[in-house]
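Close look at the chain arrangement
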Amino acid sequence: MELPTIAAPGVGERADAVADAACHLYDTVVHGGWSRSAAEDAAEAIETTAHALAHIDPGAEVVLAPVHAALADLRRRLGLAPADPLTADGLPAAPRTVGNPRRTRWVRAAVAPAEAARLIPPSPRRQPSRTTS
């Protein structure tokens, strides 16, 4: 399958942001260490990205299945909660929210809604990528 040179609106910018964030994470981990929540966030980012990549091609989900299996094993080894359950279509059973999904789930489980708005910081603004979408 040959991919088009231009993605749907926002896809290129978001993929670029994920790649930049992954590089920054790697650079930071080299000089520091992991926490439980950081490891869970990173695993969830990879899982969510794999779900997004599965929409590239009808057979992509099969190709990406080992990624989900490896992350499930990593979660077990680290004593982290399992990934969100999936439906028969391979999508998360609970719809995602905009923003940081882990932080949103944590806030729902730990505090009242009025308190949640105070705890979730606004997303930082990032300069758009100079690559085409």
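Residues numbered from 1 in each chain as written. Predicted model: local features only at pLDDT ≥ 70, side-chain atom pairs only at ≥ 80, totals over all residues. Heavy atoms only, no water.

Considering the overall build of the chain
Scanning the chain for helices and strands turns up 5 helices and 0 strands. If you list the helices and strands of the chain from N to C, you get α-α-α-α-α. The proportion of buried residues among the 133 residues of the chain is 17%. In the chain, the proportion of contacts linking residues at least 24 apart, taken out of those at least 6 apart, comes to 55%. (Helix = DSSP H or I, 4+ residues; strand = E, 2+ residues; numbered from the N terminus. Buried < 20%, exposed > 50% of the residue type's maximum accessible area, 1.4 Å probe, protein only. Contact = heavy atoms within 4.5 Å.)

A word on helix α3 (residues 60–78)
Taking 1.5 Å per residue as the helical rise, α3 with its 19 residues ought to reach 27 Å, and the 27 Å between its terminal C-alpha atoms agrees with that figure. The largest bend along α3 measures about 25° and falls at P66. The complete set of buried residues in α3 reads A60, L64, H68, L71 and R75. For α3, the secondary structure elements touched by its buried residues are α2 (36–53). (Expected span 1.5 Å × (residues − 1). Bend = angle between axes of the 7 residues up to and from the residue.)

Digging into α2
A rise of 1.5 Å per residue sets the reference length of α2, with its 18 residues, at 26 Å; its end C-alpha atoms lie 26 Å apart and thus fit the reference within 8%. When we look at burial in α2, the residues that qualify are A39, E40, A42, A43, E44, E47, A50 and H51.

A word on the packing of α2 against α3
At a minimum axis distance of 9 Å, the contact between α2 and α3 shows a crossing angle of 170°. Judged on the interaxial angle alone, α3 and α2 are roughly antiparallel. Facing R36, A39, E40, A43, E44, I46, E47, A50, H51 and L53 of α2, the residues of α3 in contact are A60, L64, V67, H68, L71, R75 and L78. Across the contact of α2 with α3, the residue classes break down as 10 nonpolar, 2 polar and 5 charged. (Axes fitted to C-alpha atoms, helices over the stretch in contact; angles between N-to-C directions. Parallel < 35°, antiparallel > 145°, perpendicular 65-115°, else oblique. Nonpolar A, V, L, I, M, F, W, Y, C, P; charged D, E, K, R; others polar.)

With respect to the pattern of salt bridges
Counting across every chain of the model gives 4 salt bridges. The closest approach of N and O atoms between D73 and R76, which form a salt bridge, is 3.8 Å. Residue D73 and its partner R76 are located together in helix α3, separated by 3 residues, close to a single helical turn. You can call D73 partly exposed: its relative accessible area is 31%. Classification of R76 as exposed rests on a relative accessible area of 59%. With its nearest N and O atoms 3.3 Å apart, the salt bridge here joins R77 to D73. Residue R77 and its partner D73 are located together in helix α3, separated by 4 residues, close to a single helical turn. Assessed through its relative accessible area of 67%, R77 is described here as exposed. (Salt bridge = Lys/Arg side-chain N within 4 Å of Asp/Glu carboxyl O.)

A few points about the confidence of the model for the chain
When the pLDDT values of the chain are averaged, the result is 76; 64% of them are 70 or greater. Note on residues 103–128: pLDDT is under 50 here. Beyond four places in sequence and across chains, it has 16 contacts. (pLDDT = per-residue confidence, 0-100.)

A short note on a nonpolar patch on the surface
On the surface, M1, L3, L53 and I56 cluster together into a nonpolar patch covering about 410 Å² of accessible area. Along the chain, L53 falls in helix α2. (Patch = residues over 30% accessible without salt bridge, like charges linked within 9 Å, V, L, I, M, F, W, Y side chains within 5 Å. Areas by Shrake-Rupley, 256 points an atom, 1.4 Å probe, with all protein chains shown as cover.)

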